Amino acid sequence: MGRAEREAVCRDMLHAEPGLVARIVDEVRREVPAYRGLHGSRLAEVRAITRWASSRLLRMWAEDTGTTAADVERAREIGRARAADGRSVDAVVRAYRVGAAAADRIVAEHAGDRLSPGDVFALNRIWLRELETLTEALAAGHADAAERLDADRDRALRAFLDDLLVGRQASPAAVADRSRALGVCLPESGVLLVAGPARPAGAPAAAAAPAPDRTPSAPDRTPAAAPAAHSAAAATAAAGAELAARLLRARPAGGPDVLHTTRADHLVLLLDPGLAALTGPLLRGTARRGCLVAGHGPDELAGAYRLARDALGAAPARAFDADGLLHTAEAHVVGLLNATPGATPATVRRHVLGPLLDPGNQHLAATLDAYLGTGSATAAAEALHLHPQTLRYRMRRVRELTGRDPRDPWQRLMLEIARTVHG
């Protein structure tokens, strides 16, 4: 077979590209464990790279050429991306070798008797020589990226949390890959703490629509304002790092890590629920107020962050506890009142009323309704035809189950809203 025949086989293979790519990827996933769990966009990316590599190697064989500088750089970029994803370089290189062997076999099957011994030799030489060049470039890119990640792990961790807060690369597979690459353990159902500057005494709550969630870029600031803004951002970042460090020292050995970042003038921390009780004492006495939103996995943090940030801007002063904190229920109530996405009647009822929603506690819910409707235990007892002592006992159970005392104006408002909305 001459060059014209090789080009004809190459065209045939490229024309049948979807089937060729699918067979190669299937074999790689069978042989390389790190690739078996890929799906969605990650699997589509593997197919795209397979399409590029197989078509380039086929053209090198048909045209009797070698890798170009552009090919080497593309392989380096792929290696860098795999380091960021957390895939080991050994697994990636093995995937390329398995894929090349599969492509070699598929070409031989397709061409059949049309291949001369010289063509087979040339094909194997291309797979061995040029694939070696590409995998060396890939390994070099992987090593470069891994070194940068190791050298600036703190920045990489902040970037990881930043991505989660905007919903980028937040799928379970992507989170698992980046966690492995960074050597970090995230809580399965974490607590997000968003802390901002305390509102000056007497200042009104912010409007429901928050300011843009970003630190102003240079064109947005006057030269005189830029140093002050930089200083404020640096102070926020330092406060977040210090708070994270204190929480890390308090965590049990082997417990999940504490991630922190800054968003505009807010510091944001992702922590294990077991550390949530420590945040109030740590914030107390500082010039910051915070909002704790619990019960969210990594793929739900974007909504949790928006809920906490908006609640901080809109909640009245009486909504904060003695430590300057809002909690999950308060965030959902404020969010519902201000139409924040994710705050719904159902979430408000669940977080405010909790066990009071259980069918076995319907009598307690009815007691609460009577108390809220009449304004006093005596009047509520009369309305329900109960002895006042019985009603007081039930109201004590309501407080124990919900953690809320209707004698407090803000807690009463929360209970009123939760018992009024439906969902």
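Up top is the structure.
The text that follows walks through the structure, step by step, so that each part is easy to find. Remember, it's a predicted structure, so these values are computed and weren't measured experimentally.

## Things to note about the pairing of strand E2 (residues 259–263)
Taking burial as the measure, the 5 residues of E2 include 4 buried ones, the bulk of the element. As judged from the 5 bridges shared by E2 and strand E3 (residues 266–271), these two strands associate in the antiparallel manner. In the sheet register, Thr 262 faces E3, and the bridge partner there is Leu 267. The turn joining E2 and E3, which pair antiparallel and follow one another in sequence, is formed by 2 residues; a positive phi near 55° is taken by Ala 264.

## Here we look at helix H16 (residues 388–402)
Taking 1.5 Å of rise per residue, 15 residues should cover 21 Å, and H16 covers 21 Å from first to last C-alpha, within 8% of that figure. Of the positions making up H16, those classed as buried are Leu 391, Arg 394, Met 395, Val 398 and Thr 402. Down the axis, H16 shows its buried residues gathered within 100° of arc, on one side only. Those residues of H16 that are buried are in contact with helix H13 (345–353), helix H14 (362–374) and helix H15 (377–384). Looking one or two residues past H16, Gly 403 carries a phi angle of roughly 75°, positive in sign.

## Remarks on the environment of Asn 124
With respect to the helices and strands, Asn 124 occurs in helix H6 (residues 117–151). The sequence separation of Asn 124 and Trp 61 amounts to 63 residues, and the corresponding C-alpha distance is 9.2 Å.

## Here we look at the pairing of strand E4 (residues 288–296)
E4 sits mainly inside the fold: 7 of its 9 residues count as buried. As paired strands, E4 and strand E5 (residues 325–326) are joined by 2 bridges and run parallel to one another. Counted as the bridge partner of Gly 290 is Leu 325 from E5.

## Structural notes on the nonpolar core
Formed by 56 residues in total, the largest nonpolar core has its most connected members in Phe 160, Leu 186, Leu 192, Cys 291, Leu 326, Val 352 and Leu 368. The biggest single contributor to this core is helix H11 (residues 301–314), with 8 residues. In terms of nonpolar packing, the next biggest core, distinct from the first, is built from 45 residues, Leu 14, Ala 95, Ala 100 and Leu 134 among them.

Cut-offs and rules
Residues numbered from 1 in each chain as written. Predicted model: local features only at pLDDT ≥ 70, side-chain atom pairs only at ≥ 80, totals over all residues. Heavy atoms only, no water. Buried < 20%, exposed > 50% of the residue type's maximum accessible area, 1.4 Å probe, protein only. Helix = DSSP H or I, 4+ residues; strand = E, 2+ residues; numbered from the N terminus. Pairing = 2+ DSSP bridges. Expected span 1.5 Å × (residues − 1). Arc of directions from axis to C-beta. Contact = heavy atoms within 4.5 Å. Core = buried A, V, L, I, M, F, W, Y, C linked by side-chain atoms within 4.5 Å.

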